[in-house]
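Examining the three-dimensional arrangement
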Amino acid sequence: MATETGPDRTEQIPVTDTPFELGGRTLRSRLILGTGGFKRLETLAEAIRATRAELVTIALRRIDPQARGSLTDVLDECGVELLPNTAGCFTARDAVVTAKLAREAFGTDWVKLEVIGDDRTLLPDAPELLLAAEELVDDGFTVLPYTNDDPILARRLEDIGCAAVMPLGSPIGSGMGIRNPYNISLIVERASVPVILDAGVGTASDAALAMELGCDGVLCASAIARAHDPVAMAHAIRAAVEAGRLARGAGRIPRRLHAEASTPDEGLADLTPPVR
Amino acid sequence: MIYVNGEPHERDGATIAELLADLGVEARARGVAVAVDGEVVPRAEWDDRRINEGERVEALSAMQGG
């Protein structure tokens, strides 16, 4: 346990990781922050600093003349790049128009593409998602699709030309973690674009598991924004993403059904009392 | 009658820049986008594009979202 007077071991971690290449950019942080759900812009700014995120999501909604404080000013001050989303779109057409509006608004052709099937689950609508992805890729967008944990759909999205695939761990905002780690592994195994776990993270261990499974990054909003202490959770999830990445590189031991002693049997003392 | 963000307005013939000013938004502001009848209107056209009877304007800005 480190104390305030003890040695600072954090700088001793041998980080020989390869850079995170996403859509032609090189990122140092493998954690992308969703800005939704923060009650105050000041908290959002603090959380951004704690996550060390370089990319944050943003949405477009009808102008609220009563809105106070400029979100884009705060994000600019934090020095982050914007990743507009198409949250709330149920059809390919709505998502495509929303992406084009975001390009006008923010001057970026990057888009977190969401096309959802219903309000109750917020699960992606696969056929509409594919249609929208194809049209946006053709139009020159860098498309990062929020998708089901379906390896075949992920492959189709990659084949279309998406810059990454972003499978869900569980439904948006559910905090249910990764319900099907096996599928995430299958997606990772085959993908030649980055795999970013999007949605479902409830706490730090979920983010660590995503990275241990081989994901290239994690996108996280609610788990941080709706935590009792969002800034503390931002630190925790940042550390978890780094820990999971290191563990993936280090290589976990195989799972065994029975114990295997870590202390050798050889040289074990004979402590049998003499027979009298 | 035209519609701005779902609300009726007697502003037939107003330009998009004028409608944005009604909403208290500077037309050059970053993070603002406009659609008319479901089609994107590029920034460069906001000063000249007039909104006619029955047209539906969506005036959008940056909002927090995951």
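Here, every reference points to the structure presented above.
Predicted, not measured: the structure shown is a model, and the values here were computed from it.

The secondary structure content of chain A amounts to nine helices and ten strands. Principal axes of the C-alpha set define a box for chain A whose edges measure 95 × 45 × 35 Å. When the 276 residues of chain A are sorted by exposure, 47% land in the buried category. Summed over all atoms, the accessible surface of chain A reaches about 14900 Å², with 50% contributed by carbon and sulfur. Averaging the locations of the 28 positively and 40 negatively charged side chains of chain A gives two centres separated by 3 Å.

A few words on the overall build of chain B. In terms of regular secondary structure, chain B is built from one helix and five strands. Starting at the N terminus and walking to the C terminus, you meet the elements of chain B as β-β-α-β-β-β. The C-alpha atoms of chain B give 11 Å as radius of gyration, which agrees with the globular expectation for 66 residues (11 Å, within 12%). Considered along the principal axes of its C-alpha atoms, chain B spans approximately 35 × 20 × 20 Å. For chain B, with 66 residues in total, the buried portion stands at 42%. A sequence separation of at least 24 residues applies to 50% of the contacts in chain B between residues at least 6 apart.

Paired through backbone hydrogen bonds, the strands of a sheet run either parallel or antiparallel to each other. Residue and element names in this part refer to chain A. A sheet is described by the order of its strands in space; here three strands give the open sequence S6-S7-S8, paired in parallel fashion. Each edge of the open sheet is held by one strand with a lone partner, namely strand S6 (110-113) and strand S8 (166-167). Strand direction decides the pairing type here: S6 and strand S7 (residues 142-147), joined by four bridges, are parallel. Pairing of Trp110 across the sheet is with Thr142, part of S7.

With that settled, the discussion passes to the packing of aromatic side chains. Residue and element names in this part refer to chain A. Throughout the structure, instances matching the rule amount to zero aromatic pairs over all chains. Across the ring face of Trp110, the terminal group of Arg25 is positioned such that the distance to the ring centre comes to 3.9 Å. In this arrangement the basic side chain of Lys112 is found over the ring face of Tyr146, its NZ or CZ atom lying 5.8 Å from the centre.

Once that is clear, we can look at helix H2 (residues 71-78) of chain A. All buried positions along H2 of chain A are accounted for by Leu71, Thr72, Val74 and Leu75 of chain A. Seen along its axis, H2 of chain A keeps its buried residues to an arc of 160°; they face one direction. Looking at the buried residues of H2 of chain A, the elements they touch are helix H1 (41-51), strand S4 (55-62), strand S5 (81-84) and helix H3 (92-106) of chain A together with strand S5 (56-63) of chain B. Once H2 of chain A finishes, Gly79 of chain A follows within two positions and takes phi at roughly 75°, a positive value.

Quick look at the packing of helix H7 (residues 204-212) of chain A against helix H9 (residues 230-250) of chain A now. Residue and element names in this part refer to chain A. Between H7 and H9, the least distance of the axes is 7 Å, while the angle of their chain directions is 25°. As far as their axial angle goes, H9 and H7 are roughly parallel. Two packed elements cross with a definite hand, and for H7 against H9 that hand is right-handed. Where H7 approaches H9, its residues Ala204, Ala207, Ala208, Met211 and Glu212 are matched on the opposing element by Met233, Ala236, Ile237, Ala240, Val241, Gly244, Arg245, Ala247 and Arg248. When its residues are assigned to classes, the contact of H7 with H9 shows ten nonpolar, one polar and three charged.

With that settled, the discussion passes to the interface of chain B and chain A. The interface of chain B with chain A comprises 26 residues on the first partner and 31 residues on the second. Buried area between chain B and chain A, summed over both chains or domains, comes out near 2300 Å², and the portion from carbon and sulfur atoms is 56%. When the buried surface of chain B facing chain A is broken down by residue, Arg30, Gln64 and Gly66 of chain B rank first, second and third, together holding 29% of it. Across the contact surface, chain B and chain A share three salt bridges. The partner of Arg93 of chain A in a salt bridge is Glu39 of chain B, with the nearest N and O atoms 3.6 Å apart. Breaking the side of chain B that touches chain A down by element, the ones donating at least two residues are strand S3 (32-36), strand S4 (39-40) and S5 of chain B. Counting residues per element, the side of chain B that touches chain A draws most heavily on S5 of chain B, at six residues. Considered class by class, the residues forming the side of chain B that touches chain A number 14 nonpolar, eight polar and four charged. As defined by bridge partners, S4 of chain A adjoins S5 of chain B across four bridges and the pair is classed as antiparallel. Pairing of Ala59 of chain A across the sheet is with Met63 of chain B, part of S5 of chain B.

Conventions adopted
- Residue indices follow the written sequence of each chain, beginning from 1 at its first position.
- Numbering of ligands from 1 and lettering of chains from A proceed in the order in which they are written.
- Totals for whole chains, interfaces and linings use all residues, but because this is a predicted model, local features are given only for residues with pLDDT of at least 70 and pairs of side-chain atoms are given and counted only at 80 or more.
- In computing side-chain properties, one takes all heavy atoms of the structure into account and sets aside hydrogens as well as water.
- Counting from the N terminus, the helices are DSSP H or I runs at least four residues long and the strands are E runs at least two residues long.
- Buried residues are those whose accessible area, probed at 1.4 Å on protein chains only, stays under 20% of the maximum for their type, while exposed residues exceed 50% and partly exposed ones sit between those limits.
- In this description, accessible areas are obtained by the Shrake-Rupley approach with a 1.4 Å probe, and a residue is regarded as covered only by the protein chains that are shown.
- For the purpose of charge, His is not counted, nor are the chain termini; Lys and Arg are scored as positive and Asp and Glu as negative.
- Taken as the charge centre is NZ of Lys, CZ of Arg, CG of Asp or CD of Glu, depending on the residue.
- Within these notes, the globule rule equals 2.2 Å times the number of residues to the 0.38 power, and the radius of gyration is based on C-alpha atoms.
- Between two residues, a contact is recorded if the distance between any of their heavy atoms is within 4.5 Å.
- One requirement defines pairing of two strands: DSSP has to find at least two bridges between them.
- Pairing of aromatic rings covers Phe, Tyr and the six-membered ring of Trp, with a centre-to-centre limit of 6.5 Å; geometry is then stacked below 30 degrees between planes, edge-to-face above 60, and tilted otherwise.
- Whether a charge lies above a ring is judged from NZ of Lys or CZ of Arg, which has to be within 6 Å of the ring centre and within 35 degrees of the ring normal.
- Directions from the helix axis toward the C-beta atoms define the arc.
- For helices, the axis comes from a line fit to the C-alpha atoms of the stretch in contact; other axes are also lines fit to C-alpha atoms, and the angle between any two N-to-C directions lies between 0 and 180 degrees.
- Should an angle lie under 35 degrees it is considered roughly parallel, over 145 roughly antiparallel, and from 65 to 115 roughly perpendicular; all remaining angles are considered oblique.
- Handedness of a crossing follows from how the near helix is turned relative to the far one, being left-handed for an anticlockwise turn of less than a right angle and right-handed for a clockwise one.
- The residue classification treats Ala, Val, Leu, Ile, Met, Phe, Trp, Tyr, Cys and Pro as nonpolar and Asp, Glu, Lys and Arg as charged. All others, Gly included, are polar.
- A 1.4 Å probe defines the accessible area here, and the buried area is the portion of it lost by two parts on being joined, summed over both.
- We define a salt bridge as a side-chain nitrogen of Lys or Arg found within 4 Å of a carboxyl oxygen belonging to Asp or Glu.

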